[in-house]
Every structure is written in structure tokens, then in C-alpha cells.
Amino acid sequence: MFKVMAPLSEKEAHPVTLQPDLDTKDAPEPSSHPVVCPAEEDEVDPWDLPELRDNGIKWADLDTKGKVLRVFTSIVKFILLLGLLYVFVCSLDVLSSAFQLVGGKAAGDIFKDNAVLSNPVAGLVIGVLVTVLVQSSSTSSSIVVSMVSSGLLDVKSAVPIVMGANIGTSVTNTIVAVMQAGDRNEFRRAFAGATVHDFFNWLSVLILLPLEVASGFLYKLTELLIDSFNIQSGADAPELLKVITEPLTKNIIELDSSVISGIATGDPAAQNKSLIKIWCKTQKFTDLVNITVPGIANCTPDALCWVDNNLTWTQKNQTETINLSKCTHIFVNANLPDLAVGLILLALSLLALCTCLILIVKLLNSMLKGQVAVVIKKVLNTDFPFPFGWVTGYLAILVGAGMTFIVQSSSVFTSAITPLVGIGVISIERAYPLTLGSNIGTTTTAILAALASPGETLANSLQVSLCHFFFNICGILLWYPIPFTRIPIRLAKALGNRTAKYRWFAGVYVILCFLILPLSVLGLSIAGWQVLVGVGVPIVVLVIFVVVVNIMQSRWPRYLPSCLRSWDFLPRPLRSLKPWDKHVTVALTFCSTRCCCCCKCCNKEETDEMKEEKSLEVYDNPTLTIEDEGKTVATHL
């Protein structure tokens, strides 16, 4: 008794599993076209860097005209790539401005509640939220420095906010990775390459924030450094990349960032000001004017004071600002509210970002072929020979720090390497130290900016910047030197595999980690530390329990009770994403049939991929069932 299996057409086919107890003696002779089972195929590691094959004509086989044409085409592609990178970086800058217009004043209002900021957990999530809102850790750090300098916030309370800013800045490259969801394996690598930054920051905070609250080691270390060196105020931090991008971005939008700092520091006049800069060239005049005061005791010190007609007069310096020329950006005469301009720029910058990213990936795929691809991949991913292989990672950290110092933005640098990880030019193992170096590079820029502060605020500004610097150094010491401790790589790969299978989960991850979780913790913090501890501690204990049980299930299941050796006792939606995937698929199908034709195109691509996968499966032939065995004379496999 056996069931004969044969591949059918796609319309008639429905997959079944092969029976393990087939009687091989009764089985028919195999034909010249054997069935290939998926299990027998060589499994391909999705994390292996793909071969970028050159399908064109070899250089040696080209004639003179063909060689000239190929060189000319390569030069044009390179110039086009530089142009797209320029627009990509400018769109990131405009995206940051758009987020500041949409949520900048809200970010300033968040910083105003000093009672909440004294809670280190609340300070952490406020740093995350504000950095996500303004899309710039430099902006959020400068707000913190302004508050510390004005005495509204002490350095010890500012340290958790700086840690949160370190987390919030990684959302930009995660959004860039989501835009590569077209190809499954590219998306797997790109999303893992982006989220390795997230996991490094979150894991560092989980270890270092409790340690800082308990001991204040970052505060004490930086205070010792500040007191040990007679640090003088220096020159402004160099603006290397802004010199190139500003000619384009300043014609699109210019913002007055002092408004956000003014709201955070409690300036009532800043609340009604617009973030959009109208007058770019102004001049201040200080004149000595006569004013009346209630009495002689209120006269200005060291100034004339007299009484005339029962009025007390004195002299006082008054500063008047005269507007000389307007800015040249396109919204200078628009008379639109900040929110409207922010939403317009948000849509345009995301469109430009997505378009540039798609074109950059296609250009890189067409350029990185043959010998060029081999050389680039060897240079970027090959380690030094034994026994100096360990030096390669630290060299990559220095390269990441140097490149970030040049472009003056960790978001720009990490967003630029994310598509390279996706197409397989850079491995995630190499992207990890580059990202760690980027974290250090962005803090060195902040240190230089702090050195340019006035003398009365120099010490506090520099101490906050040094806390940020040593936080990243301690994180690297925790999660990089020993290969076993490079947990962010393993976590990022696991998340990459999950999002490659369920691509909608990438959006859930971004919203959950950078919006819902920080907002929930902030709400509990505002309710009081008793509420935060009462709700937060059981959740943290549950998460730790689940992580420990998962590790023991995979490695030492014999030490677990029989009921905990698997999660089968839980309802399926609590242990698998597959039931949720069905609902999301139904929603997307509704979108594809009712909402827009774009979804139909995406759905068609998904269907084609599924058909290609199904073509390798073995199907049951409905004409050869067990009931018909006696009638069957011959069959084909």
C-alpha cells in the first residue's frame, strides 16, 4: 500500500508530506526525471554574502570602442552615484528639519517638567522620544546642554537623557532599512545591519544605567577629568559636511533652533515664536535710554538717577534688533503654520529618501560586478592574517569614528552603510564595529561643540559631552572585545530572520521600540515612581523568565519541567506570529483589491515568489489515490 507522488500543475496542486513508511519494494522504477525534494537540496545560509556576478562581456573581449564606452559609462554612473548620495544626505537633513517642525515644540515642552526629569528611567525615555521627534541626537544633546548651563537641570540628571538620545538616533537607519523590503534576503541583511545599532544601545543602557544610578561612575569620572585639566574655550566645531549641503538645504528650509531651547528653559516668549526662520540677516544696536522706575532704590547701578515732576528717572542699556534681509528658502513668505510646513517637508523628504535609496542600490548592483566586486569585498570584509586578525575590528571602529566626524552625523553614516549591508557588499560582522565607531565619532563632534561654549557654561557643557563619550566607550568594552559578548550581532540576525519571514513585523518593531514603549514608561513615570515600579518590575521579571526559559529550551531542556520544555501549552497567538500574519495578509489583500494599484503590484510580486517556491514542492496526485490503486495500470513520476 503506498501513495504515488507526482508534480502537478499549479492549479491542481495541493502540498502533502511524504509518508515515512513507504514500502520501497513495491515502489515503481524511477524515471529519467526524478522528483527533487526541498529537504535534499543544499541549504544556503542567507547571511552569506551573495556573489555579485558579472554577466556582461569580459574586458579582454571588448574592442576599442567597447572599452571607451564602458569607461565612459562607469564614469557617468560614478558621478550619478555621488549626486544621489548628495541628495540622500540633504534629504536626511530636511527630514530632521521636518521632524523638528512637527514635534520640536512638543520636545521642548517635554523637557520643561523637571520633576519627571529627576527620575532616571523617565529621563532615559524622554531622551529617546525627543531624539525621535527631532531626528537628531545633536539637537537633543544641545537642548540638554542649554538646560544644564541655565541651571534648570544638573549634570547627574542629564546623563540618562544623553543615554536615551544615543538610542533615539538609531531610528533613522532603521527607517532606511525598512525601505529595502522589496527583496527578502536584502531586507534580512539590511534590517539586521540597522538594528545591530539598536541592540547595542539598548543592551548598553540595561547594564550602564542601573550602574550609573547606583554609583554615579560616569558623573564622577567626567567631573574628575574636568577638575584635573584647565580646559580653555576653543574654536567652533568644524562644519565639514554642512559646507557642501547647506547651499541646497538653506534654499528649502531654515530653522531657528533657539526656539526649542527657549521653550525647554522656560522662556515664555519662545512659546509663540515660529521655528521657521524669516530674517537671516539682523543687526543689534545697544543704546542708553532714559526710563522711569518706582523709586531711587530701583535705579540702575552706576548710572544717573534723578527725580523730575514726582517721577524717578534713570538710564539703562536697551538692545534693539533690526531686521536687514529675509532668508531665501521657499517657505519664507508662505504664511503657513509650522505643522503644515513640517508635514509637507516630511512627505517630500521621505519620497526623496526612498527614491535615492532605490536608485543607489540599483546603481551599486550594476557597478559592483566582476573583479571590482571581488576587490571591494576583500578590502571591506577580510581580516588581517593571524595573529593580527583581532586588529581589523578595531581599525573598523576608527574608520567609523573618522567618517562620522567628517560627515558630523552618525545617522548619515549608518544610513549610508545600511544599503551596502543589504546588497551584500559589507557583512554584518564588519558593519557592527563601523557602527560602534560611528557612536564615538558623533560624541567627539559634541565635545568640540562644547569646547566652543562660553567660559561660564564650558564646564557643564563639556561634562555632559564627556558622559556621552564614556558611555559609548563602556558599551564597546562590554559588547565587543570578546567574540562571545557580541550579542547584538546574534540578536540582530534573529530579528532579521523574523522580519524577512514576516515583513510587516519591521514596522511593528519600529513603532513598539521607539514610540509605544517610551511613551508607556513616560506615562508611568508621570504617575509616580510607585506606579512605575509596581507595573514595570513584574513585566521585567516576566521578560527575564521568558529569555532564560528560551535559552534552556535550546541548550539544556532536561533541566526544565516537562511542561516548560516547549511553549505548546500557550495559545498559538502568544507563541507564534503566523496567526497574526494571516490577519495582516487579509488586511493587505483588502488594500490591494480596494485601495491602490500599487499594492496590487506588490501582491503580484509576492504571488510570483510563492509560485517559484511551490514549484519545488511534491504534490499529491488526486487521480492516484488509495481507492484507485487497483485500477491503476501505469504512472509517471
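Residues numbered from 1 in each chain as written. Predicted model: local features only at pLDDT ≥ 70, side-chain atom pairs only at ≥ 80, totals over all residues. Heavy atoms only, no water.

## Things to note about the overall build of the protein chain
Working step 1: Along the protein chain, the regular secondary structure elements total 22 helices and three strands.
Working step 2: Across the 637 residues that make up the protein chain, the buried fraction comes to 38%.
Working step 3: In the protein chain, once contacts between residues fewer than 6 apart in sequence are set aside, the share between residues at least 24 apart is 76%.
Working step 4: Roughly 35,800 Å² of accessible area belongs to the protein chain as shown, and the carbon and sulfur atoms make up 64% of that amount. (Helix = DSSP H or I, 4+ residues; strand = E, 2+ residues; numbered from the N terminus. Buried < 20%, exposed > 50% of the residue type's maximum accessible area, 1.4 Å probe, protein only. Contact = heavy atoms within 4.5 Å. Areas by Shrake-Rupley, 256 points an atom, 1.4 Å probe, with all protein chains shown as cover.)

## A look at the packing of aromatic side chains
Working step 1: By the definition in use, this model includes 10 aromatic pairs.
Working step 2: An angle of 75 degrees between the planes, with centres 5.8 Å apart, marks the rings of F191 and Y509 as edge-to-face. With F191 in helix α7 (residues 184-215) and Y509 in helix α18 (residues 504-527), this residue pair connects regions lying 318 residues apart in the sequence. Accessibility assignment for this pair places F191 and Y509 in one class, buried.
Working step 3: Plain terms: the ring middles of Y432 and Y480 are 5.8 Å apart, the flat faces sit at 45 degrees to each other, and that makes the pair tilted. (Phe/Tyr/Trp six-rings, centres within 6.5 Å; stacked < 30°, edge-to-face > 60°.)

## Brief notes about helix α6 (residues 171-178)
Working step 1: Judged by how many residues are buried, α6 sits mostly within the fold: six of eight residues are covered.
Working step 2: Within α6, burial applies to V171, T172, N173, T174, V176 and A177.

## Focus on the nonpolar core
Working step 1: Ranked by size, the top nonpolar core spans 60 residues in total, and within it F88, L101, L153, I253, L345 and V464 carry the most contacts.
Working step 2: With sequence-adjacent residues up to four places away left out, L345 is seen in contact with V94, A98, L101, I252, I253 and F331.
Working step 3: In terms of nonpolar packing, the next biggest core, distinct from the first, is built from 51 residues, W47, F187, L451 and A492 among them. (Core = buried A, V, L, I, M, F, W, Y, C linked by side-chain atoms within 4.5 Å.)

## Observations regarding the packing of helix α17 (residues 487-501) against α18
Working step 1: At a minimum axis distance of 6 Å, the contact between α17 and α18 shows a crossing angle of 130 degrees. When the interaxial angle is binned, α17 and α18 end up oblique. On α18, the residues touching L495, R498 and T499 of α17 are F505, A506 and Y509. (Axes fitted to C-alpha atoms, helices over the stretch in contact; angles between N-to-C directions. Parallel < 35°, antiparallel > 145°, perpendicular 65-115°, else oblique.)

## Details of the pattern of salt bridges
Working step 1: Evaluation of the coordinates by the stated rule reveals two salt bridges.
Working step 2: E429 serves as the salt-bridge partner of K493, at 2.7 Å between the closest nitrogen and oxygen. Placement of the pair is K493 in helix α17 and E429 in helix α15 (residues 428-451), with a sequence separation of 64 residues.
Working step 3: Of the residues examined, E429 reaches a relative accessible area of 37% and is grouped as partly exposed.
Working step 4: Here R575 makes a salt bridge to D568, at a shortest N to O gap of 3.8 Å.
Working step 5: A residue is classified by how much of its surface remains accessible, and D568, at 56% relative accessible area, is exposed. (Salt bridge = Lys/Arg side-chain N within 4 Å of Asp/Glu carboxyl O.)

## As for the packing of α7 against helix α14 (residues 410-423)
Working step 1: Between α7 and α14, the shortest axis-to-axis distance is 7 Å and the interhelical angle comes to 145 degrees. Where α7 crosses over α14, the handedness of that crossing is right-handed. Of the residues in α14, those touching α7 at E186, R189, A190, G193, A194 and H197 are T414, T418, V421, G422 and I423.
Working step 2: Of the residues in the contact of α7 with α14, the class split is four nonpolar, five polar and two charged. (Left-handed = near helix turned anticlockwise from the far one by under 90°. Nonpolar A, V, L, I, M, F, W, Y, C, P; charged D, E, K, R; others polar.)

## So, a nonpolar patch on the surface
Working step 1: On the surface, F384, F388, W390, Y394, L395, L398, V399, M403 and I406 cluster together to form a nonpolar patch covering roughly 890 Å² of accessible area.
Working step 2: Along the chain, Y394 turns up in helix α13 (residues 391-407). (Patch = residues over 30% accessible without salt bridge, like charges linked within 9 Å, V, L, I, M, F, W, Y side chains within 5 Å.)

## Some points on the state of the cysteines
Working step 1: Across all of its chains, the model carries one disulfide by this definition.
Working step 2: The side chain of C299 participates in a disulfide bridge whose partner is C305; the two sulfur atoms lie 1.8 Å from each other. (Disulfide = S-S within 2.5 Å.)

## Some points on the confidence of the model for the protein chain
Predicted coordinates in areas of low pLDDT are best not read in detail.
Working step 1: Per-residue pLDDT for the protein chain has a mean of 76; in total, 76% of the residues score no lower than 70.
Working step 2: Low pLDDT, under 50, characterises residues 609-637; the stretch is placed with 46 contacts to residues that sit more than four places away or in other chains. (pLDDT = per-residue confidence, 0-100.)

## Quick word on a positive patch on the surface
Working step 1: Taken together, R498, K501, R572, K578 and K582 make up a surface patch of like positive charges.
Working step 2: Every element with two or more residues in the positive patch is listed here: α17 and α21 (578-595). (Lys, Arg positive; Asp, Glu negative; His and termini not counted. Charge placed at Lys NZ, Arg CZ, Asp CG, Glu CD.)

## Section: the environment of Q553
Working step 1: For Q553, the position within the fold is in helix α19 (residues 529-555).
Working step 2: Taking the C-alpha atoms as reference points, Q553 and W567, separated by 14 residues in sequence, lie 9.5 Å from one another.
Working step 3: Beyond its immediate sequence surroundings of up to four residues, Q553 is in contact with L560, L564, R565, S566 and W567.
Working step 4: Within the structure, Q553 has its side chain in polar contact with the backbone oxygen of L564 (distance 2.7 Å). (Polar contact = N/O pair within 3.5 Å; in protein donor to acceptor, adjacent residues only side chain to side chain.)

## A look at the sheet that holds strand β3 (residues 311-326)
Working step 1: Strands sit in the order β1-β3-β2 across an open sheet of three strands; the sheet is antiparallel. In this open sheet, the two strands that pair with only one neighbour each are β1 (279-293) and β2 (305-308). Strand-to-strand twist in this sheet, taken as the mean axis angle between neighbours without regard to direction, amounts to 40 degrees.
Working step 2: Pairing analysis gives four bridges linking β2 to β3, with the strands arranged antiparallel. Counterpart to C305 in the pairing with β3 is T314. (Pairing = 2+ DSSP bridges.)

## Quick word on the environment of Q100
Working step 1: Position of Q100 relative to the elements: it lies in helix α1 (residues 64-112).
Working step 2: Q100 sits in the buried class, given a relative accessible area of 8%.
Working step 3: The spatial distance from the C-alpha of Q100 to the C-alpha of L275 is 8.3 Å, given a sequence separation of 175 residues.

## Structural notes on the side chain of S204
Working step 1: Tracing the backbone shows S204 in helix α7.
Working step 2: There is a polar contact of 3.4 Å between the side chain of S204 and the side chain of W479.
Working step 3: Leave out the neighbours within four places in its chain, and S204 touches L209, F471, G475 and W479.

## Considering the pairing of β3
Working step 1: Two elements, β1 and β3, share 14 bridges in a ladder whose sense is antiparallel. For K284, the partnering residue across the bridge sits in β3 and is T321.
Working step 2: Remark: two residues form the turn of the hairpin made by β2 and β3, two consecutive strands paired antiparallel; N309 in that turn has positive phi of roughly 55 degrees.

## Side note on unusual backbone geometry
Working step 1: The phi dihedral of N335 is positive, around 55 degrees, even though this residue is not glycine.
Working step 2: Following the sequence through the fold, N335 ends up in the loop between β3 and α11 (338-367).
Working step 3: Residue N335 is classed as exposed on the basis of its relative accessible area, which comes to 75%.

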